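Structural overview for review
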Amino acid sequence: MTDTSTAASNAAPDFPQLFGHPRPLWMLFMTEFWERFAYYSVSWALVLYIVAQFFHGDPAGQGWAAGIYGAYTALIYAASIFGGFLADRVIGYQRSILLGAAVMAAGLFTLLVPSKPLMMLGLALVIAGDGLFKPNISTMGGQLYGRDDPRRDRGFTLFYMGSNAGAFVAPFFTGWMAGHFTDTPMQQNYRVVFGAAGVGMLLSMLWFWFGRRSLKGVGRPLVGMEGRSRVLWVLVGTAFAVPLIYAMLAYVGADGLQWLLGLLFVGVAAALIVEALRHDRVQLHRVIAMLIVFVFSVLFWTFYFQFGTSLNFLAENWVDRQMFGGWTFPVGWFQSVTPLAILVFAPLVTLVWSALGRRNAEPSIPRKFGFGLIFNGLGFVVLVYALKDLLGPTGLIPFWPLVLCYVMQTLGELCLSPIGLSMVTKLAPPRLVGLAMGGWFLSLAAGGDFSGLVAGSISGEHGMTVASALSGFSFCFWALVGSGVLLLAISPLINRLMHGVKIGRASCRERV
């Protein structure tokens, strides 16, 4: 994600330099690396663990697991809105990161207990902790540079390489651990994964704890916010928030959250429109353009987040993972394809945009979003082809279609995600940029929630079959390509509503 900070000053502290960048950047790099390691360790294993632990491997549990994953993903992004506010207005960024890391680690270790209620409690703690951590570590990266420092974008590229490296290593390493640290069947000891994630989160917290002195006050509480009692109040508030999050996971679920998120989105949209009306017609048009793009963003993330649910079930049950020498490719390793593809293709996508920009042919914001939707859809059509024409004698599809699906989705993400937050900062009313950022995160939250509902529909009451996967992935393809073509068709209208706003080329992408 691009930097969302509004607190970076024109002149940053005079930091010692390492490889041409402020030395604290590398401390933040590793703090982010271990947090992403922890998060994506859980992400690949969660639904598989639920089915294996609480349904004894019965595919009938896939629908419930998908709903839990969708609600969990939605609440992760919704919580970041509140975490950013608390850091801005109450305790500062450093304290928010440390408190969030501690709460998140507690949640990850709670997941080790094989109990449904304690699993829900662990996820609620992870959500609350990541809400305090995630939006604020990125903000601090921006504060290491002066606002006009030409190295700033390159610094974010390096920082986000840490994010993608953590997302790559997590399923690769913990997927191997799950099958080799005990005598359990391959990929069945998911509690080893959660334990490794908890250790990773502790490493993230310790790395930041010992490295924060190098920040020279960056991220410290503002004047009037120094009192430690504020941290206590936030901790108490978190303690009250965790049962509420637990209730939304256990009793409201993905079905109920769609209405809550919808109401929040309507409220954000109404506030932005009212504020725009106080300015002029141009600002109103820009807000309308932004809200239209938000709707298409929800569609993109709805199907992109299938990587944690239906694509995981496909990998475990319907993909031939037998490799040379009788070795079985771990399910979790498929989740490493996307961050690896980001690291490989992000520079190439940037070069393409640069080459087109020199010819005044670089696509506009809505056209890039349209291409992102279409690439995402092309990933699903590869799976549709494999399920129709490539089923082997054992009833499994080959290994490569799922890998290619992830690569195509990554290309779509690179077309869409890097410009999202930057777009918001330029189209939102100046007094409500923070609220507009909340709208962007709500689009991801809504997409995460809907993703669980779509995955649950694909699995049905009895679990994913070849027929249900074929039908479900066909729907994903047509919904994405249809919405992408529609967005390309209305792009001239949206461009006019933007009144000349353009977004510079982004050089790298963080995994969300």
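In short, a report on the structure. (Residues numbered from 1 in each chain as written. Predicted model: local features only at pLDDT ≥ 70, side-chain atom pairs only at ≥ 80, totals over all residues. Heavy atoms only, no water.)

**Focus: the overall build of the protein**
When helices and strands are tallied, the protein shows 15 helices and two strands. The globule rule puts the C-alpha radius of gyration for 512 residues at 24 Å, and the 22 Å found for the protein is close to it. Projecting the C-alpha coordinates of the protein onto the three principal axes gives extents of approximately 65 × 50 × 45 Å. When contacts within the protein are restricted to residue pairs at least 6 apart in sequence, long-range pairs at least 24 apart make up 84% of them. Of the roughly 19,900 Å² of accessible surface on the protein, 68% is carried by carbon and sulfur atoms. Positive and negative charge centroids in the protein, built from 33 and 23 side chains respectively, lie 9 Å apart. (Helix = DSSP H or I, 4+ residues; strand = E, 2+ residues; numbered from the N terminus. Rg over C-alpha atoms; globule rule 2.2 N^0.38 Å. Contact = heavy atoms within 4.5 Å. Areas by Shrake-Rupley, 256 points an atom, 1.4 Å probe, with all protein chains shown as cover. Lys, Arg positive; Asp, Glu negative; His and termini not counted. Charge placed at Lys NZ, Arg CZ, Asp CG, Glu CD.)

**Quick look at the pattern of salt bridges**
A side chain with one charge can pair with a side chain of the opposite charge if their charged atoms come near. For the coordinates displayed, the defined rule picks out five salt bridges. In this structure, E275 engages R278 in a salt bridge whose closest nitrogen and oxygen atoms are separated by 3.2 Å. What makes E275 buried here is its relative accessible area of 4%. The class for R278 is exposed, based on a relative accessible area of 60%. Among the ionic pairs, K368 bridges to E362, the shortest N-O distance being 2.7 Å. Beyond isolated ion pairs, a larger network of salt bridges with shared partners links E35, R36 and D130. (Salt bridge = Lys/Arg side-chain N within 4 Å of Asp/Glu carboxyl O. Buried < 20%, exposed > 50% of the residue type's maximum accessible area, 1.4 Å probe, protein only.)

**Focus: helix α9 (residues 310-317)**
Counting buried positions along α9 gives six out of eight residues, so the element sits mostly inside the fold. For α9, the full list of buried residues reads S310, L311, N312, F313, L314 and A315.

**Focus: the side chain of T174**
Looking at the element boundaries, T174 is found in helix α5 (residues 152-180). The class of T174 is buried, set by a relative accessible area of 0%. Other than its neighbours up to four places away in sequence, T174 contacts F37, S41, W44, V169, V193 and A196.

**Notes on the environment of V344**
When you line up the elements, V344 lands in helix α10 (residues 337-358). Spatially, the C-alpha atoms of V344 and L99 are 34 Å apart, while their sequence positions differ by 245 residues.

**Considering the packing of helix α8 (residues 281-304) against helix α15 (residues 466-498)**
Packing of α8 against α15 brings their axes to within 10 Å, and their N-to-C directions diverge by 165 degrees. By the angle between their directions, the pair α8 and α15 is classed as roughly antiparallel. Crossing hand, α8 versus α15: left-handed. Residue-level inspection shows V282, H285, R286, I288, A289, I292, V293, F296, L299, F300 and F303 of α8 in contact with α15, the latter providing F475, C476, A479, L480, S483, L486, L487, I490, I494, L497 and M498. (Axes fitted to C-alpha atoms, helices over the stretch in contact; angles between N-to-C directions. Parallel < 35°, antiparallel > 145°, perpendicular 65-115°, else oblique. Left-handed = near helix turned anticlockwise from the far one by under 90°.)

**Describing the packing of aromatic side chains**
Here the distance between the centres and the angle between the planes together describe a pair of aromatic rings. With the rule as written, the count across this model stands at 37 aromatic pairs. Each ring, one from W327 and one from F329, has its centre 6.0 Å from the other, and the planes form 75 degrees; the classification is edge-to-face. Owing to a relative accessible area of 12%, F329 belongs among the buried residues under this scheme. Here the basic side chain of R212 rests over the ring of W209, its NZ or CZ set 3.9 Å away from the ring centre. Here the basic side chain of K368 rests over the ring of W353, its NZ or CZ set 4.7 Å away from the ring centre. (Phe/Tyr/Trp six-rings, centres within 6.5 Å; stacked < 30°, edge-to-face > 60°. Lys NZ or Arg CZ within 6 Å of the ring centre and 35° of its normal.)

**Re helix α7 (residues 229-277)**
Taking 1.5 Å of rise per residue, 49 residues should cover 72 Å, yet α7 covers just 40 Å from first to last C-alpha, more than 12% shy of that figure. The sharpest bend along α7 comes to roughly 100 degrees, located at V252. (Expected span 1.5 Å × (residues − 1). Bend = angle between axes of the 7 residues up to and from the residue.)

**Side note on the nonpolar core**
By size, the foremost hydrophobic cluster in this structure holds 149 residues, and its most contacted members are Y72 and F473. Beyond its immediate chain neighbours, meaning those up to four positions away, F473 contacts S310, L311, L314, F380, L383, V384, L387, I458 and M464. Among the nonpolar cores identified, the runner-up in size contains six residues, and A346, V349, L414 and C415 belong to it. (Core = buried A, V, L, I, M, F, W, Y, C linked by side-chain atoms within 4.5 Å.)

**Notes on unusual backbone geometry**
Here the phi dihedral of H56 falls at roughly 55 degrees; this positive angle occurs in a residue that is not glycine. As for its placement among the helices and strands, H56 is situated in the loop between α1 (24-54) and α2 (62-91). Judged by relative accessible area, which is 74%, H56 ranks as exposed. Of note in this structure, H499 is not a glycine but carries a positive phi near 55 degrees.

**Looking at the packing of helix α11 (residues 365-389) against helix α12 (residues 400-416)**
Taken N-terminus to C-terminus, the directions of α11 and α12 make an angle of 175 degrees; their axes are 7 Å apart at the nearest point. When the axis of α11 is compared with that of α12, the two are roughly antiparallel. When its residues are assigned to classes, the contact of α11 with α12 shows 18 nonpolar, five polar and one charged. (Nonpolar A, V, L, I, M, F, W, Y, C, P; charged D, E, K, R; others polar.)

**Digging into the layout of surface pockets**
When its volume is computed, the second largest pocket comes out at roughly 480 Å³. Listing elements by their share of the lining of the second largest pocket, those giving two or more residues are α2, α4 (116-143) and α7. For the lining of the second largest pocket, the leading source of residues is α7, giving eleven residues. In the lining of the second largest pocket, the residues fall into 18 nonpolar, four polar and no charged. (1 Å grid on protein atoms, 1.4 Å probe; cavity = no way out; pocket = protein on both sides within 12 Å on 5 of 7 lines; lining within 4 Å. Points joined across faces, edges and corners; volume = space filled by probe spheres on them.)

**Quick notes on a nonpolar patch on the surface**
Taken together, the side chains of L232, W233, L235, V236 and F240 define a hydrophobic patch exposed on the protein surface, amounting to about 580 Å² of accessible area. Positionally, F240 belongs in helix α7. You can call F240 exposed: its relative accessible area is 65%. (Patch = residues over 30% accessible without salt bridge, like charges linked within 9 Å, V, L, I, M, F, W, Y side chains within 5 Å.)

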